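# Commentary on secondary and tertiary structure
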Amino acid sequence: DVKKNGFNAFKFAPFDEVLPTQSKSDLYKSITKGIERIETIKNIIGKESKLMIDCHWRFQEKLIDILINELIYFDIYWLECPILENAETIKSIRVIRRKANNKGIKLAGLETFFKKNHFEPFLKEGCYDVIMPDIKYVGGPLKMLEIANYVKGYGVEFSPHNPSGPICHAHSLQICGTLSPPVILE
């Protein structure tokens, strides 16, 4: 049990059945299993633990209110990548952030971006509370530190994306160890 080993932040992706092309009625059906999974996990980890939800770009902006309204009951720490992230969705992401923040939920994303100028439009528009660069995409530890320091200027949290195995994990841990204040490593 990871909680017994001192972990107090947990992230998972509960919405495998959700597709961005679904109608509102199909979304309600698909989201139900994900909400059940969230409830189960939250009951196990308890109220004192942080729970982060990764959506893997499975939602549409016009239906995001359904998701956010379901999540408020679980004291979610952050909602990650609810919709596609590109130049055309910047304004939509900013709206989603405002809606999530109004319910006490942070918005996280940008795990596949790799250059400062890729992050910049999202940062300038205030799209995210947390950005999650991946060390294998950005070009290594020095580039990762550069991005971590860059986002501080926008008042955005930094949390390395890290699903890639022991080598990326070791490098990401080293990055996290150099940063102040401490950050959450995926």
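To be clear, the structure that these remarks concern was listed above.
Notes on the structure follow. This structure is a prediction, so every number in the text was calculated from the model and none was measured.

## As for unusual backbone geometry
- Positive phi, close to 50°, is recorded for aspartate 75, a residue that is not glycine.
- Examined against the element boundaries, aspartate 75 turns out to sit in the loop between helix H2 (64-71) and strand E3 (78-80).
- Residue classification places aspartate 75 among the exposed positions, given a relative accessible area of 52%.
- Positive phi, close to 45°, is recorded for cysteine 81, a residue that is not glycine.
- Considering the arrangement of structural elements, one finds cysteine 81 in the loop between E3 and helix H3 (90-102).

## Considering helix H4 (residues 116-124)
- Looking only at H4, the buried set comprises Phe119, Phe122 and Leu123. Considered in projection along H4, the buried side chains sweep an arc of 100° and stay on one side of the axis.
- Buried residues along H4 sit in contact with H3, strand E5 (130-131) and helix H6 (141-152).

## Thoughts on the nonpolar core
- Among the nonpolar cores identified, the biggest contains 49 residues, and Phe15, Ile38, Ile53, Phe59, Leu67, Leu79 and Ile131 are the most heavily contacted of them.
- Once residues within four sequence positions are removed from consideration, isoleucine 131 is found in contact with Gly109, Leu110, Phe119, Leu123, Ile147, Val151, Val156, Glu157, Phe158 and Ser159.
- Judged by nonpolar contacts, the second largest core, of six residues, contains Met52, Tyr77, Val130 and Met132.

The rules behind the values
Residues numbered from 1 in each chain as written. Predicted model: local features only at pLDDT ≥ 70, side-chain atom pairs only at ≥ 80, totals over all residues. Heavy atoms only, no water. Helix = DSSP H or I, 4+ residues; strand = E, 2+ residues; numbered from the N terminus. Buried < 20%, exposed > 50% of the residue type's maximum accessible area, 1.4 Å probe, protein only. Arc of directions from axis to C-beta. Contact = heavy atoms within 4.5 Å. Core = buried A, V, L, I, M, F, W, Y, C linked by side-chain atoms within 4.5 Å.

Functional significance is not addressed by these values, which are geometric in nature.
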